[in-house]
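Topology and contacts: notes
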Amino acid sequence: MSLQNAPIFCGPSDVHGKGVFAAGLIPEGGVIEVCPVLLFPKAQLAAMRQTMLDDYYFDWGEDDSWYAIALGYGSLYNHAYEPNADYEMDFENETI
């Protein structure tokens, strides 16, 4: 189960189809959400790239031999060249 620490919701995005949006103020430096991940090995990447999940996975691990789908809203956050939020990967606890 993900742990949401901020008022957020998933909704339609004019840029990427779906996105995650703030429903209230989020303090600077605050944790928005902790998301568990589902891991899959590099050997399955070609099959994953043939699905609708192709835009929703993260490179995972120190040697990039694994990939991850974040649960909760984790795989739905949109990216920006000048982001107002960042993410961290916790390889030991398998969360983003």
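Here's a quick rundown of the structure.

What follows concerns the pattern of salt bridges. One pass over the structure, following the stated rule, counts one salt bridge. Ionic pairing is found between Asp 54 and Arg 49, a salt bridge with its closest N-O pair at 2.9 Å.

One can find Thr 95 in the segment after β7 (66–70). Not counting residues up to four positions away in its chain, the partners in contact with Thr 95 are Val 34, Cys 35, Pro 36, Val 37, Trp 60, Glu 88, Met 89 and Asp 90.

The next point concerns the packing of aromatic side chains. A ring pair, where both rings are aromatic, is described by two values, the distance of the centres and the angle of the planes. Overall, the coordinates contain six aromatic pairs when judged by the stated rule. Among the aromatic residues, ring-to-ring pairing joins Phe 40, Tyr 57 and Tyr 67 into one connected group.

Residues Cys 35, Val 37, Phe 58, Trp 60, Ala 68, Ala 70 and Ile 96 constitute the largest nonpolar core, which totals seven residues. Secondary-structure elements contributing two or more residues to this core are β6 (57–60) and β7. Not counting residues up to four positions away in its chain, the partners in contact with Val 37 are Trp 60, Ala 68, Ile 69, Ala 70, Glu 94, Thr 95 and Ile 96. By size, the runner-up hydrophobic cluster in this structure holds six residues, among which are Phe 40, Met 48, Tyr 57 and Tyr 67.

Cut-off values and rules
Residues numbered from 1 in each chain as written. Predicted model: local features only at pLDDT ≥ 70, side-chain atom pairs only at ≥ 80, totals over all residues. Heavy atoms only, no water. Salt bridge = Lys/Arg side-chain N within 4 Å of Asp/Glu carboxyl O. Helix = DSSP H or I, 4+ residues; strand = E, 2+ residues; numbered from the N terminus. Contact = heavy atoms within 4.5 Å. Phe/Tyr/Trp six-rings, centres within 6.5 Å; stacked < 30°, edge-to-face > 60°. Core = buried A, V, L, I, M, F, W, Y, C linked by side-chain atoms within 4.5 Å. Buried < 20%, exposed > 50% of the residue type's maximum accessible area, 1.4 Å probe, protein only.

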